Amino acid sequence: DPLPIKDKAVVSTQSTGELDEDATVSQLALAALNVALADAKSVQTAYYVYQELADKFGPTPILLNGQAVCFLMQGKPEQAEDVLQKALDKDSGHAETLINLSIVSQFLGARDSAKRYISQVKDSHPDHPYVTRLQEKEKVFEEFTSALLTNR
């Protein structure tokens, strides 16, 4: 009887932690798992892991993005935006920060900001997987819209 994917992730992360639970890779795996589990306690645990790593190594854009995701999952888009602005201050072209800022901006109703961040990431990272998938979806949408208009 195969384990569900969530259970496999838990087992895998636990075995990684048994090797060296203080290792950075173990901590990042734990944080990612807790974000994926998505319940309130797990998301809070993930936030603490990202904070501990930021205290240890400095607040890198990746760690700040992790914290922002936790804030967003907790229904705190303003705090997510603040943390992402700090990440942007550290690296103004960081693709994941720009993508996450576009999402947070949409949550906050700032459509112009969301569009600006998406434009920035499209311009600076045209081969990023998010940009590629987004452009594919935009193309399908345009084709669908065109087909609807021509069949009126």
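Because the structure is a prediction, the values reported are computed rather than measured.

**What about unusual backbone geometry?**
A positive phi angle is found at A38, which is not glycine, with a value near 70°. With respect to the element layout, A38 can be found in the loop between α2 (24-37) and α3 (40-57).

**With respect to the environment of Y48**
Note on placement: Y48 falls in helix α3. Sequence separation between Y48 and Q67 is 19 residues; the distance between their C-alpha atoms is 8.5 Å.

**Points about the packing of helix α4 (residues 61-73) against helix α6 (residues 95-107)**
Here α4 crosses α6 at 20°, and the two axes come no closer than 10 Å. By the angle class used here, α4 and α6 are roughly parallel. The two elements α4 and α6 cross, and the hand of that crossing is left-handed. Side by side, α4 and α6 meet where P61, N65, V69 and L72 of the first sit next to E96, T97, N100, I103, V104 and F107 of the second. Tallied by class, the residues present in the contact of α4 with α6 amount to six nonpolar, three polar and one charged.

**Quick notes on the packing of α4 against helix α5 (residues 77-90)**
Close contact between α4 and α5 brings their axes to 8 Å; oriented N to C, the two are set at 170°. Considered as vectors, α4 and α5 are oriented roughly antiparallel to each other. Together, P61, L64, N65, Q67, A68, F71 and L72 of α4 and P77, Q79, A80, V83, L84, K86, A87 and K90 of α5 make up the contact between the two elements. Taken together, the residues that form the contact of α4 with α5 break down as ten nonpolar, three polar and two charged.

Conventions we followed
Residues numbered from 1 in each chain as written. Predicted model: local features only at pLDDT ≥ 70, side-chain atom pairs only at ≥ 80, totals over all residues. Heavy atoms only, no water. Helix = DSSP H or I, 4+ residues; strand = E, 2+ residues; numbered from the N terminus. Axes fitted to C-alpha atoms, helices over the stretch in contact; angles between N-to-C directions. Parallel < 35°, antiparallel > 145°, perpendicular 65-115°, else oblique. Left-handed = near helix turned anticlockwise from the far one by under 90°. Contact = heavy atoms within 4.5 Å. Nonpolar A, V, L, I, M, F, W, Y, C, P; charged D, E, K, R; others polar.

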